[in-house]
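Now for the letters of each chain:
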Amino acid sequence: MISRIDLRGRTLSRRELLEALPRPELDVESAAAAVEPILADVRTRGADALRDLAERFDGVRPEHLRVPAQAIAAAVDVLDPDVRAALDETIRRVRTVHAAQRPADHTVQVAPGAQVRQRWIPVRRVGLYVPGGLAVYPSSVIMNVVAAQEAGVGALAVTSPPQRDNGGLPDPVVLATCALLGVDEVYAVGGAQAVGMLAYGAADADGGTLCEPVDVITGPGNVYVAAAKRLVRGVVGIDAEAGPTEIAVLADATADADHVAADLVSQAEHDPLAASVLVTPSVELAGAVEAKLVDRVQVTRHAQRVAQALSGPQSAIVLVDDLEAGLAVVNAYGAEHLEIQTEDAAAVAERVTSAGAIFVGAYSPVSLGDYMAGSNHVLPTGGCAHFSSGLGVHSFVRAVQVVEYDADALREVAGRIVALADAEGLPAHGEAVQARF
């Protein structure tokens, strides 16, 4: 069901290691070619294009592209009490963690009369994408919205695909979650067309404005959403080109094979392209996990999807000589989610340099982070953890430096500014300073 990659006894360069590790066969470039005309259509025809594309891709033609306020409020009234309690607790925990992420302004006195202040300013307006294909994600509403709210963003637009079984509106639990968070601007638009609507704005059918453009787009999606975000980057900011979900587990002989297998299956149920990777120096653990995977796949609800993900080229059990080699593998892989199930897991986790989020020990599974840990589950995939962070308050603020010098402070450095300006062949820069004296 799941393949093995045996790296024992091999000394690999970084390049060779990256080539040896499993990855999904994603072609964002090809997806971008398919997405380009969709973005152009939305930009040109607005609401008419959005309805046509929903009919084509979602099998429903929404009557309301912007969800009526009464439909958002009504969704809370029919919400299962246990689900509401879980959502309320998730919101509380995520808000607690993200409130602590707010960066503080600070001022540096460079010299007497010379100061540079750094201000953190939230972006004006954000668009938050919530997937709705093989599964629906009210938890993603929380992760996106709470981070933006705690950053101080003034205007938030949430968009999620229309559902045929909900009258062309997004999933009712998604709508109820928006209501619990106080979000009233919600659109029944999915896929690449949602990204286009947020990036460019969209006119409604009678020539008015359906949706104003945003400054930043965040949220996970399929390869077409990722391709659309790539194409509009520069018009707007984006969090990352989030691809299919990934879990890597670094485990030694002390790990519980059933726990490991359960965690690999938990991420595989997202998508046939989801990646589940075990890195271990224990052949015995590898064999035990393989057996447990067979047992769990047979009884899980999405057995076909899980089996496809586990047997794909993006999933594998990677055998290494020891934990040191295992650390080199997971740092090269840069997983979206990395579990450490080893002896002295906390110490091992401190040596991880590339991961979207790290889950330490037997009782910190990825599922905890997906819902109730308080951390954000919108994380970099496809190796982007080497240079990107997960979603957070930082995703929605900008650092602006405020420079304030008095006359004496400027006079003190005037000659040196002139010298540097002349050295760069830009004498007018120096003259702008000299003009003040």
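Residues numbered from 1 in each chain as written. Predicted model: local features only at pLDDT ≥ 70, side-chain atom pairs only at ≥ 80, totals over all residues. Heavy atoms only, no water.

Let's shift gears to the overall build of the protein. Looking only at helices and strands, the protein has 17 helices and 16 strands in total. With respect to the principal axes defined by its C-alpha atoms, the protein has extents near 80 × 60 × 40 Å. Across the 437 residues that make up the protein, the buried fraction comes to 49%. When contacts within the protein are restricted to residue pairs at least 6 apart in sequence, those whose partners lie at least 24 apart make up 74%. (Helix = DSSP H or I, 4+ residues; strand = E, 2+ residues; numbered from the N terminus. Buried < 20%, exposed > 50% of the residue type's maximum accessible area, 1.4 Å probe, protein only. Contact = heavy atoms within 4.5 Å.)

Where helix α5 (residues 81–99) meets helix α6 (residues 138–151), the closest approach of the two axes is 9 Å, and the angle between their N-to-C directions is 35°. Our pair here, α5 against α6, has a crossing hand that is right-handed. Listed contacts from α6 to Leu87, Thr90, Ile91, Val94, Arg95, His98 and Ala99 of α5 are Pro138, Ile142, Met143, Val146, Ala147, Gln149 and Glu150. (Axes fitted to C-alpha atoms, helices over the stretch in contact; angles between N-to-C directions. Left-handed = near helix turned anticlockwise from the far one by under 90°.)

A separate point is the sheet that holds strand β14 (residues 337–341). The strand order across the open sheet formed by six strands is β1-β13-β12-β11-β14-β15, and the pairing between neighbours is parallel. For this open sheet the edge positions go to β1 (4–6) and β15 (357–360), each flanked by a neighbour on one side alone. Averaged over all adjacent pairs, the angle separating strand axes in this sheet is 20°, with direction ignored. Across four bridges, the pairing between β14 and β15 is parallel. Residue pairing for β15: Leu338 is matched across the bridge by Ile358. (Pairing = 2+ DSSP bridges.)

Further remarks concern the sheet that holds strand β3 (residues 114–122). Judged by pairing direction, the sheet is antiparallel, and its three strands sit side by side in the order β2-β3-β16 without closing on themselves. The strands lining the two open edges of the sheet, one partner per strand, are β2 (106–111) and β16 (397–405). Adjacent strand axes in the sheet meet at a mean angle of 20°, parallel and antiparallel pairs treated alike.

Turning next to the side chain of Thr381. With respect to the helices and strands, the residue Thr381 is situated in the loop between α15 (366–371) and β16. For Thr381, the contacting residues outside a window of four places in its chain are Glu241, Ala242, Gly243, Pro244, Glu246 and Glu336.

Once that is clear, we can look at helix α9 (residues 223–232). Residues of α9 that are buried: Val225, Ala226, Ala227, Ala228, Lys229 and Val232. Turning to α9, the residues buried within the fold contact α2 (28–45), β4 (125–129), α8 (191–200), β9 (216–218) and β10 (237–238). The N-capping residue of α9, defined by a side-chain oxygen 3.0 Å from the backbone nitrogen of Tyr224, is Asn222. Count one or two residues on from α9 and you reach Gly234, which has phi positive near 110°. (Polar contact = N/O pair within 3.5 Å; in protein donor to acceptor, adjacent residues only side chain to side chain.)

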